[in-house]
Amino acid sequence: MHFHIYFKVRLGPSNILERNPTVPTLSSGNPIYDKFYRQVDPTGSGRVTAADAALFLKRSGLADLVLGKIWDLSDSERKGALSKQQFFIALRLVACAQNGLEVALKSLNVAVPPPKFHDTSSPLLAGGGTVDLPWVVKPEEKIKFDSIFDSLGPVGGMLTGDKVKPVLLNSKLTVDILGRVWELSDLDRDGMLDKDEFSVAMYLVYRALEGEPVPMSLPPPLVPPSKRKKPSVPPVMPLLPSPPSVKDSRSSHAGSKTMPHPPKPLKSVLSSVQWAVSAADKTKSDELFNKTDGDMDGLVSGPEVRDIFLKTGLPSATLARIWELCDIGDIGKLTREQFALALHLITQKLTKGLDPPQSLTPEMIPPSDRQNIKQVSRSELSMLGLPSRTLLAKYSCLLCWTPREKSSVEEEIKEKEEAIRLRSSEVQDLQDEVARESEELQRLQTQRQRVQEMLEELDQQKCSLEEQLTHIRQQTTQETQLISSLQSEHEEQEQRICEYEEELVQAREELLALQEESRRLQEKVQAAQEQLTPLQDSVRDSFLQVAQVGFPAENITCV
């Protein structure tokens, strides 16, 4: 749901009559109020037309939404014009809005200062006198707000309603207050916020959280310096239709039932100008319309074209603006030609970058709607300074209907007002559901954050354990290799021991054999020794005997 929805829902005229059957009477003895009244009714006719009232009330600086509600409450008889008493009520409601009070009939009993209006004779109109005022947003607050702005991902220095909405909803303020904050902050009415406009929004939210009321109009000190207008004369008067002459006003006041005719150039322009949608584009849109119009009633609703619009990729605020322009009858559906016009405006934005106009130009109005138009066009209503959703009954003085047509239109208005009340209830239900879903989403996001943190912690533990496991596995592999090496070495040593034992046995056996042989040889030596001794003795004796005989010793051969 987008923020533009909050600004379109207002209390319908029939609602006001039901809840407020009587309107409080204000004394006309206030000289300031009399002075204001003389400015809008210099002839003293006792009647203020919608155009004159709108032009004058616009000088209050209040938003169009607030002015529309003030008109609803003041024009209680639905005549499309104000009496002197009703104009005083409008002035009093303007004063209430400027002082931060609720725009309601109950506020008329509260004492407030007179309303303030910009002097049209002065070149300093709305916003012109605020150039030199210091901005109430402090530098430290601006730094904080800019930080939040940058964190939301602006595109081209701008934030759409979709990106700002979660921040505003997190404040837990009511939808009405947030809608007013958005309207006051979106100073250029482009459906997006730049840094300064975002700072205004956040400032209002923080003040509201502190218990301060959100003003009905933006105080001059809160207007960012970058948005303050230089002294200039805005071209308001040339855009308005020519006011009725004094003679016409008097004749109207005298009770004439002849309704003022709309300017003649309107019909002639509408009938002679060529439609902006080409025949080729119309053929393509008709094919898409036939596929989209599921119930074959010649109309397509918002849910039926939602996917088509969203696929274009345009911001929601732009699409909502295009829908509002093309839904000329404010019935919540588009005809075949209105659907073609919507696609034309979307194509202009996608291909040429052209933003939707503030109001439909004559060449944009579908031919079928030109034939059926019996009221002031939306462009003229926007020139009057009142919201385009202000119903036809408010401008009956500007219509040229027959009594039968007027009765038919009034009946249609009542049906549409009932539809508006039903849709307002549906919108409120959806807003409540969005708030509940937002709370649930925030709770789930918080839970997801906690789970994410737990997962990250477990991931860290997992990584640490994996590292430890890898290290242990490396050590296990090394130990296994070492054990295998020791086992191999052990087996080799056992094999060598076996070999050594075998060699030892053999050596022992050889030693025993050698010892036995040595023993035998010793016995033989001993036996030989025993035999040699007698022989030696015998030889010695023989030598002695020879010596005794007298033979030289060298002649005796030793045996």
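The rules behind each value
- Residues numbered from 1 in each chain as written.
- Predicted model: local features only at pLDDT ≥ 70, side-chain atom pairs only at ≥ 80, totals over all residues.
- Heavy atoms only, no water.
- Axes fitted to C-alpha atoms, helices over the stretch in contact; angles between N-to-C directions.
- Helix = DSSP H or I, 4+ residues; strand = E, 2+ residues; numbered from the N terminus.
- Left-handed = near helix turned anticlockwise from the far one by under 90°.
- Contact = heavy atoms within 4.5 Å.
- Nonpolar A, V, L, I, M, F, W, Y, C, P; charged D, E, K, R; others polar.
- Salt bridge = Lys/Arg side-chain N within 4 Å of Asp/Glu carboxyl O.
- Patch = residues over 30% accessible without salt bridge, like charges linked within 9 Å, V, L, I, M, F, W, Y side chains within 5 Å.
- Areas by Shrake-Rupley, 256 points an atom, 1.4 Å probe, with all protein chains shown as cover.
- Lys, Arg positive; Asp, Glu negative; His and termini not counted.
- Charge placed at Lys NZ, Arg CZ, Asp CG, Glu CD.
- Buried < 20%, exposed > 50% of the residue type's maximum accessible area, 1.4 Å probe, protein only.

An unreviewed UniProt entry lists the chain under the name Epidermal growth factor receptor pathway substrate 15, with Scophthalmus maximus as the source organism.

Novice: Explain the packing of helix α9 (residues 175-185) against helix α10 (residues 195-209) here, please?
Specialist: A pair of packed helices is characterised by two quantities: the angle between their axes and the separation of those axes. Put simply, α9 and α10 touch, their axes get as near as 9 Å, and they point 150 degrees apart. The interaxial crossing formed by α9 with α10 has right-handed handedness. Contact residues: Val-181, Leu-184 and Ser-185 in α9; Glu-197, Val-200, Ala-201, Leu-204 and Val-205 in α10. Of the residues assigned to the contact of α9 with α10, the class counts are 6 nonpolar, 1 polar and 1 charged.

Novice: Can you walk me through the packing of helix α15 (residues 316-326) against helix α16 (residues 336-352) in this structure?
Specialist: One can describe the packing of α15 onto α16 by two numbers: an axis separation of 9 Å at closest approach and a directional angle of 145 degrees. Note that α15 runs across α16; the crossing there is right-handed. The residues of α16 that touch α15, namely those facing Leu-319, Ile-322, Leu-325 and Cys-326, are Gln-338, Leu-341, Ala-342, Leu-345 and Ile-346.

Novice: Would you mind showing me how to read the pattern of salt bridges here?
Specialist: Where charged atoms from two side chains of opposite charge come close, those side chains can pair. Per the counting criterion, the structure on display carries 20 salt bridges. Among the ionic pairs, Glu-418 bridges to Arg-421, the shortest N-O distance being 2.4 Å. Taken as a pair, Glu-418 and Arg-421 lie in helix α19 (residues 403-549) at a separation of 3 residues, close to a single helical turn. A salt bridge links Arg-443 to Glu-440, with the shortest nitrogen-to-oxygen separation between them at 2.4 Å. You can see Arg-443 and its partner Glu-440 sitting in helix α19, 3 residues apart, about one turn around the helix.

Novice: What should I look at first to understand a negative patch on the surface in this one?
Specialist: Residues Glu-426, Asp-429, Asp-432, Glu-433 and Glu-437 make up a contiguous surface patch of negative charge. Among the secondary structure elements, Glu-433 is positioned in helix α19. Classification of Glu-433 as partly exposed rests on a relative accessible area of 38%.

Novice: Would you mind going over the environment of Ser-301 with me for this structure?
Specialist: When you line up the elements, Ser-301 lands in strand β5 (residues 300-301). The exposure class assigned to Ser-301 is buried, which follows from its relative accessible area of 15%. Along the backbone, Ser-301 and Leu-334 are 33 residues apart, and their C-alpha atoms lie at a distance of 6.5 Å. Here Ser-301 is in contact with Trp-323, Gly-332 and Lys-333, once residues within four sequence places are set aside.

Novice: Teacher, can you tell me more about helix α4 (residues 50-57) here?
Specialist: Residues spaced three or four apart along an α-helix face the same direction, because each turn holds 3.6 residues. A large share of α4 lies buried, amounting to 6 of its 8 residues. Those residues of α4 that fall on the buried side of the exposure criterion are Ala-50, Ala-51, Ala-53, Ala-54, Phe-56 and Leu-57.

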